Structures are given as C-alpha cells and as structure tokens.
Amino acid sequence: MGKIIIGLTGSMGCGKGEIVKILEKEGFKYITLSMMVREEARNRGVEEEREKLMEVGNSMRSEGGAGVLAGRALEKIGDSGYELWVVDGIRNPAEIDELRNGEGVNIVGVHTEKEMLVERILGRGRESDATERDEILRKIEREWGEGESEDGQQVGKCMKMTDIVVENEGTLEELKEKFVNYYNSIRDKKMEYTRPTKDEYYLSLAKSVSSRGTCTKVEIGAVIIRDDQVVATGYCGAPRGTKSSHEHGFCLRKKLGIPSGHRYEMCRSVHAEQNAIINAARAGTSLMGGDMYIYGKKWGEGADAIDAFPCFICKKMLINCGLNRVICSLADGGSKVFTVEGWIEDWQEKDIIDDEYQYGDGYKDLPGLK
C-alpha cells in the first residue's frame, strides 16, 4: 500500500485518542510529539508534569526551530522502516510543515467546542487533568495559542492547515464513522496509485516532446538522460529557420512515392534522435554513458503508436555519441530496450548491411538485392 502517515491536531479532550485506537486496529504504529518532549525532559532532569513539559516543548522549539519535535518524530519513523504511522500531539504550524516533508502525510484536525471540551475533561477524571472549569479553559486557550509566541503552541493555526477537520460534538460512533470514511478514501487512493518506473517516466517525457514535431508522417520524440537528469531533447522536424512539411503542405518523400526506410536525404526533417544529439552538442553536454528514450506514433490526432526504432543512420550516430541504452516505445504500448554494445556485437557477427535489422521493412527492394 505504501507509506501513510496521519498527523493529528486539536485541543485536549477533543477525541484524538479515539482516532488513534481506530488506526492501531488497522496496523498503525503510534507516536506522539510529546514523546519527544518527555525524552528531552528526562535528559534535562525535568519532572514530567504537564505544565513543565509544555515549557520544555516551547524551549525545544525556541532552540531548535518550531518544527523540531516533528523532525525528531520523522527520524524515528524513517529509522523504523515501518509504513503506517499515526502522529499525535501536533500543536505548532511548523510541525505540520516539517511533517509534510515526509512521504504519504495526511493532517487531520479534530474539533470540539470549548464548553463541550470542559465537560468531557471533567467527566473523564484523569489524574493529570485539572479539576476546575476555569483552569481547564485556561489550558485550552493556552494550547489554542491565544497570546503565545510563534514558537509556542498554536493549535488554532494548525487547524487551518489540515487536510480535513473532523467535527466531534456527537457520539463516539459518529466520530468513528466520520474518520473511517476519510481514512478509507486515502487508503483506497494510495492502493490505486502505482508509481511509474523510470523508463515509463522518461518515455512519457519523450511522448510530450514528440507533439512538437513538424513531420506529416510520424510524430517522434527523443529524450536523453544522463545521471538521472534530462540533458537533451529532440523531435522530428525541419532544420531551424526552414519551412517544414506542415508549412509546405505535403511530404516530399510521400509525394515521390519513396518507400519507408529509403532515401532519407530527400526528407525535409531531421530525425528526433539526431536533433537530441545536436541539441546536446549545442549546449556542450557530453552524452557518454547516457540513455536515449524514443516515443513514436503515426502523425495526426488519435493516430496509432508505432515501434519507434531508430533508422540505420541514427543507430550509427547513437553508437558514436557514446550512449549506453536506447529505450523505444512499441506499437502495443510496451517498450523495448536496446544496448548500444548489443548493436555493435550484432553487426560484427553479421558483417552485412543488407538486412532488415539495419534498413527496415523495405530493404528487400534495394537495387542489387533482387
């Protein structure tokens, strides 16, 4: 399914703990930013009492940046190698910013009106909770960020940065239903997503490049990748500053009845592979050890894809410019990978130039082969 991190923010008593229980049943591991504060408090020899822990947390933000707690939590998550995590205790906007540096992060806010929060806190009877209404309200307001510094607790601002706010002013079952519906939506979306491979990704770039072509027979695009960087692109089109087949209104080779694969010197266009090599040269970029991706289809809207294999002239240029692999799109939607070293070995073994491998479908019509 891939990594999912759900961060929770909201006031004390709002019901975040109930959401944690739901996620733990789904296999999530639990971490709270207060764990980072408690670890630091123990290191500092500070008593683990709520007010003092809040002071330690504020101190940590002041010294290490407002997102320091979330940064430490992400480190623990990354070191674990586990995919599913729920992070509770988010109280500062910078913590959300820091968490969003992670993969698959979703921030959920849980909201309950203050008076209802007070009643819930008084009713749950935790030893660490205040027992007076005014004291509870004061803590909630402090947590919300009223009058606090930017490094302090700012739950009110955090609530404005969430992906969703779940209202919790009804029953526990209503809260569960609201959250489970949201969780199912992100889980299903995560399961549907399949990250493309690098070859698929770079072929999709070549497809975009092909749309700029000016040939009236085919649309071919080429992308050269070196060290995972795009270093050059090219499409099938007329030389710079000259009229294309589109502008002339016809293809000269087609008009003269020249079969496919023959008499490329009569073509107005420079092949996509050649243009990519030329553009790299114009930029002073070495292609040694790089890969070329080639996408091709027949010209026109909705036209069929083709096996986008380079011609014999382009193959020779691809060998000499020092490329490693050439990845070509296929008519059936797949792709085929050639190695330049493989081409060289094949040609050494065959020691001929009059085969379909080098000249294309029309090679048998060449003079002298009948």
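Preceding block: the structure.
Keep in mind it's a predicted model, so treat the numbers as computed, not measured. (Residues numbered from 1 in each chain as written. Predicted model: local features only at pLDDT ≥ 70, side-chain atom pairs only at ≥ 80, totals over all residues. Heavy atoms only, no water.)

**Comments concerning the overall build of the protein chain**
Reasoning step 1: Scanning the protein chain from terminus to terminus reveals 16 helices and 10 strands.
Reasoning step 2: Relative to its full complement of 370 residues, the protein chain shows a buried share of 44%.
Reasoning step 3: Look at the contacts in the protein chain between residues 6 or more apart in sequence, and 68% of them connect residues 24 or more apart.
Reasoning step 4: When the accessible surface of the protein chain is summed, it comes to about 19800 Å², and 48% of that surface belongs to carbon and sulfur atoms. (Helix = DSSP H or I, 4+ residues; strand = E, 2+ residues; numbered from the N terminus. Buried < 20%, exposed > 50% of the residue type's maximum accessible area, 1.4 Å probe, protein only. Contact = heavy atoms within 4.5 Å. Areas by Shrake-Rupley, 256 points an atom, 1.4 Å probe, with all protein chains shown as cover.)

**What to know about the sheet that holds strand β1 (residues 4-9)**
Reasoning step 1: With parallel pairing, the 5 strands of this open sheet are ordered in space as β2-β3-β1-β4-β5. A strand with exactly one partner marks an edge of an open sheet, and here the two such strands are β2 (29-32) and β5 (164-167). With direction set aside, neighbouring strand axes in the sheet form an average angle of 25°.
Reasoning step 2: Judged from the 5 bridges that link them, β1 and strand β4 (residues 105-111) form a sheet pairing that is parallel. Counted as the bridge partner of Thr9 is Gly109 from β4.
Reasoning step 3: This element, helix α1 (residues 16-25), spans β1, β2, β3 (84-90) and β4 of the sheet and lies at about 165° to β1.
Reasoning step 4: Along the sheet, helix α2 (residues 33-44) contacts β2 and β3; its crossing angle with β2, the most-contacted strand, is approximately 55°. (Pairing = 2+ DSSP bridges. Axes fitted to C-alpha atoms, helices over the stretch in contact; angles between N-to-C directions.)

**Focus on unusual backbone geometry**
Note: most residues except glycine have negative phi, and most peptide bonds are trans.
Reasoning step 1: Even without being glycine, Asp227 reaches a positive phi, approximately 55°.
Reasoning step 2: Structurally, Asp227 can be placed in the loop between β6 (218-226) and β7 (229-235).
Reasoning step 3: A positive phi is found at Asp228, a non-glycine position, where the angle reads about 60°.

**Here's the deal with the packing of aromatic side chains**
Reasoning step 1: Inspection of every chain in the model, using the stated rule, returns 7 aromatic pairs.
Reasoning step 2: A ring pair is formed by Phe28 and Tyr183, whose centres lie 5.7 Å apart and whose planes are at 75°; its orientation type is edge-to-face. You can see Phe28 sitting in the loop between α1 and β2 and its partner Tyr183 sitting in helix α9 (residues 172-192), a full 155 residues away along the chain. Across the pair, Tyr183 and Phe28 agree in class, each one buried.
Reasoning step 3: On the numbers, 6.4 Å between centres and 90° between planes, the contact of Tyr82 with Trp85 is edge-to-face. (Phe/Tyr/Trp six-rings, centres within 6.5 Å; stacked < 30°, edge-to-face > 60°.)

**Side note on the pairing of β1**
Reasoning step 1: Counting buried positions along β1 yields 6 of 6 residues, so the element is predominantly enclosed.
Reasoning step 2: Residues of β1 alternate between two faces, with Ile4, Ile6 and Leu8 on one and Ile5, Gly7 and Thr9 on the opposite face, all of them buried.
Reasoning step 3: Pairing geometry for β1 and β3, over 5 bridges, is parallel. Note that in β3 the partner of Ile4 across the bridge is Leu84.

**Notes on the environment of Ile220**
Reasoning step 1: With respect to the helices, strands and loops of the structure, Ile220 is situated in strand β6.
Reasoning step 2: Considering only alpha carbons, one finds Ile220 and Ser210, 10 residues apart in sequence, at a separation of 4.7 Å.
Reasoning step 3: Once residues within four sequence positions are removed from consideration, Ile220 is found in contact with Ser210, Gly234, Tyr235, Cys236, Ala272, Ile294, Tyr295, Gly296, Lys297 and Ile306.

**A look at the pattern of salt bridges**
Reasoning step 1: Enumeration over the complete set of coordinates arrives at 15 salt bridges.
Reasoning step 2: Put simply, Asp163 and Arg100 hold a salt bridge, and the shortest N to O gap is 3.4 Å. Of this pair, Asp163 sits in the loop between α8 (155-159) and β5 while Arg100 is found in the loop between α5 (93-99) and β4, placing the two residues 63 residues apart along the sequence.
Reasoning step 3: Among the residues examined, Arg100 registers a relative accessible area of 35% and is labelled partly exposed.
Reasoning step 4: The partner of Glu219 in a salt bridge is Lys297, with the nearest N and O atoms 3.6 Å apart. Placement of Glu219 in strand β6 and of Lys297 in strand β8 (residues 291-298) is noted, with a sequence separation of 78 residues between them.
Reasoning step 5: Residue Glu219 is classed as buried on the basis of its relative accessible area of 13%.
Reasoning step 6: By relative accessible area, Lys297 is classed as buried at 14%.
Reasoning step 7: One network of salt bridges, with partners in common, ties together Glu40, Arg44, Glu63 and Arg72. (Salt bridge = Lys/Arg side-chain N within 4 Å of Asp/Glu carboxyl O.)

**Description of the pairing of β8**
Along a regular strand, successive side chains alternate from one face of the sheet to the other.
Reasoning step 1: A large share of β8 lies buried, amounting to 7 of its 8 residues.
Reasoning step 2: One ladder, built from 8 bridges, connects β6 with β8; its direction is antiparallel. For Glu219, the partnering residue across the bridge sits in β8 and is Lys297.

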